[in-house]
Amino acid sequence: MEDVHSIFINTINRSSRCNGKGGTEKNNGDDERSSRYPFVKALSMSGGDGDNSYSTNSLLQKRVIRKVKPVLVKNTKGMMKNLNFPTYIKVADLGCATGQNTFLTMSEIVNTITVLCQQCNQKPPEIDCCLNDLPNNDFNTTNKFIAFFNKIVKSKGLCFVSGVSGSFYSRLFPSKSLHFVHSSYSLHWLSKVPKGLEKDTSCVYIAASSPPSTYKAYLTQFQRDFTTFLKMRSEEMVWNGRMVLTFIGRETIDDPLHRDCCHFWTLLSTSLRDLVSEVGSFNMPFYDPIKEEAIEMIRKEGSFEINDLEIHGFDLGQSNNYDEDYKLHSQKSKAGEKEAKCIRAVSESLLVAHFGVDVMDTLFNKFAYHVSQHTSCTNKTTVSLVVSLIRK
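Only a predicted model underlies this, so the values are computations on that prediction, with no experimental measurement involved.

Chemist: Please give an account of the overall build of the chain that cites residues and values.
Modeler: Each helix and strand in the chain was counted, giving 11 helices and 8 strands. Within the span of the chain, comprising 392 residues, buried residues form 57% of the whole.

This is how it looks when you write it as structure tokens:
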């Protein structure tokens, strides 16, 4: 096999365009919110490969990637055939985080292209694999898994890997340069904390006790951000290019304020109230849409056609139905510990920026305890939304 992987991590600073507008226009309301919620700028998955790192505690995300594999393969094949087997392919994984999961996705795309070319007697293309995340992301730990990527990829052509730093709510790539875009468990993160949450001081996110204005504020910010994301990608993608997007959502129910008693942000709010008297100054820049909300924004923006839409069950590890990865990591774990580590890995950077590092161990010990009190909870409405899109 040829030396097919020329690897270079190239970090590009595009902070001047990360205002969610794709430009440098300033807004006084946004500036005020930035000063009120400075911790948002710290958003990143926990780096390194230690016990509390994202790399160690992203088994749920790995399961999601495996679940979405049929959609990923189908759309990769469709992209290649519709574009008449181009000699060069540019793929982007947006919100790649840190660790090996991004290479599982990239290898699946590369291997699908390679096998399809062999089956159709076509020359495999050169493939440019771009890994994107925010500037604070630990690209160095991701870089350590390049050897793992080399082992599992089947490409007989040239495959190049690069890191691209910046917000996917801004332009990241030249016009009409992307053929395939993937994003898994990233688009539920908003560009900023919504405006107008001052009246909701008891929880870090939407809860049954929240006023209706809280839901409206989060929905409005999601609509703005998701529309911006679609607009930016429409400018970067070639015609008939494909996107496969997976993010945390919720089942369609009548009450938009409803969140399960065992919802992870609800339990985090409870854990924080055990430690601090005022939670209201901290709100998660997060939104879990129902499928109708996502579909509406895709249709309104107008640049993409919906090709697939799937909903899958969501489980942070409370049930006993684990795959082998979960069994290995749960044999010596106490009830609630796995979920506490998972949530800590994705939220600790925000929490440390606001509350300080000293309370983290105590906070997540309390979180694990509260999770253990809800292990019998079966009425869960949190789901994974999977949508594949074709650039029109």
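Back to the write-up after that little detour.
Chemist: Which residues make up the confidence of the model for the chain, and what values do they have?
Modeler: The predicted model of the chain has a mean per-residue pLDDT of 86, with 84% of residues at 70 or higher. Every residue in residues 318-322 is under pLDDT 50, and counting partners more than four places away or in other chains gives 10 contacts. Below a pLDDT of 50 lies the segment residues 328-332, which in the model reaches 4 contacts outside its immediate sequence neighbourhood of four places, other chains included.

Chemist: How would you summarise the packing of helix H2 (residues 59-82) against helix H3 (residues 101-119) if you had to cite specific residues and measurements?
Modeler: Between H2 and H3, the shortest axis-to-axis distance is 9 Å and the interhelical angle comes to 30 degrees. Where H2 crosses over H3, the two elements pack in a sense that is right-handed. For the pair H2 and H3, contact is made by Gln61, Lys62, Ile65, Lys69, Leu72, Val73, Thr76, Lys77, Met79, Met80 and Lys81 and by Asn101, Leu104, Thr105, Glu108, Ile109, Thr112, Ile113, Leu116 and Cys117, respectively. Of the residues in the contact of H2 with H3, the class split is 10 nonpolar, 5 polar and 5 charged.

Chemist: Break down the side chain of serine 303 for me, citing the residues and quoting the values.
Modeler: Take serine 303: it is sitting in the loop between helix H8 (291-301) and strand E7 (304-313). Among all residues touching serine 303, those that are not within four sequence positions of it are Ser234, Ile390, Arg391 and Lys392.

Chemist: Residues and numbers for the nonpolar core, please.
Modeler: Ranked by internal contacts, the top residues of the largest apolar core, which has 102 residues, are Phe226, Phe229, Trp265 and Leu268. Looking at which element gives the most residues to this core, the answer is helix H6 (residues 212-236), with 8 residues. The residues touching leucine 268, leaving out its near neighbours within four places in the chain, are Val204, Met284, Leu351, Leu363, Phe364 and Phe367.

Chemist: Residues and numbers for the packing of aromatic side chains, please.
Modeler: For the structure shown, the criterion picks out 16 aromatic pairs. The rings of Phe168, Tyr169, Phe222, Phe226, Phe229, Phe247 and Tyr287 are connected pair by pair, giving a single aromatic cluster. The ring of phenylalanine 229 carries the charged tip of arginine 233 above its face, separated from the ring centre by 5.0 Å. Positioned above the aromatic ring of phenylalanine 304 is the side chain of arginine 391, whose terminal nitrogen or guanidinium carbon lies 6.0 Å from the ring centre.

Chemist: Run through the pattern of salt bridges, naming residues and quoting values.
Modeler: Throughout the structure, instances matching the rule amount to 11 salt bridges. A salt bridge links glutamate 236 to arginine 233; the nearest nitrogen and oxygen atoms lie 2.7 Å apart. Note that glutamate 236 and arginine 233 are positioned in helix H6 at a spacing of 3 residues, about one turn of the helix. Per residue, the accessibility class of glutamate 236 equals that of arginine 233, and both read buried. Salt bridges linked by common partners bring Arg171, Lys231, Arg233, Glu235 and Glu236 together as one network.

Chemist: If you had to explain unusual backbone geometry to someone new, which residues and values would you point to?
Modeler: Not every positive phi belongs to a glycine, and asparagine 84 is a case in point at roughly 60 degrees. Locating asparagine 84 in the fold gives a position in the loop between H2 and strand E2 (88-94). Given a relative accessible area of 63%, asparagine 84 falls into the exposed group. Here the phi dihedral of alanine 97 falls at roughly 60 degrees; this positive angle occurs in a residue that is not glycine. On the secondary structure map, alanine 97 appears in the loop between E2 and H3. Classification of alanine 97 by relative accessible area gives buried; the value is 4%.

Chemist: Can you lay out the pairing of strand E3 (residues 126-133) for me, pointing to particular residues and giving the numbers?
Modeler: Of all 8 residues that make up E3, 7 are buried, and the element is covered over most of its length. Where the polypeptide runs from E2 across H3 and back to E3, its parallel neighbour, the crossover connection is right-handed. In the sheet, E3 pairs with strand E4 (residues 159-165) via 7 bridges, with the strands oriented parallel. Residue pairing across strands places asparagine 132 opposite valine 164, the latter belonging to E4.

Procedures and definitions
Residues numbered from 1 in each chain as written. Predicted model: local features only at pLDDT ≥ 70, side-chain atom pairs only at ≥ 80, totals over all residues. Heavy atoms only, no water. Helix = DSSP H or I, 4+ residues; strand = E, 2+ residues; numbered from the N terminus. Buried < 20%, exposed > 50% of the residue type's maximum accessible area, 1.4 Å probe, protein only. pLDDT = per-residue confidence, 0-100. Contact = heavy atoms within 4.5 Å. Axes fitted to C-alpha atoms, helices over the stretch in contact; angles between N-to-C directions. Left-handed = near helix turned anticlockwise from the far one by under 90°. Nonpolar A, V, L, I, M, F, W, Y, C, P; charged D, E, K, R; others polar. Core = buried A, V, L, I, M, F, W, Y, C linked by side-chain atoms within 4.5 Å. Phe/Tyr/Trp six-rings, centres within 6.5 Å; stacked < 30°, edge-to-face > 60°. Lys NZ or Arg CZ within 6 Å of the ring centre and 35° of its normal. Salt bridge = Lys/Arg side-chain N within 4 Å of Asp/Glu carboxyl O. Right-handed = clockwise from strand over helix to strand, strands pointing away. Pairing = 2+ DSSP bridges.

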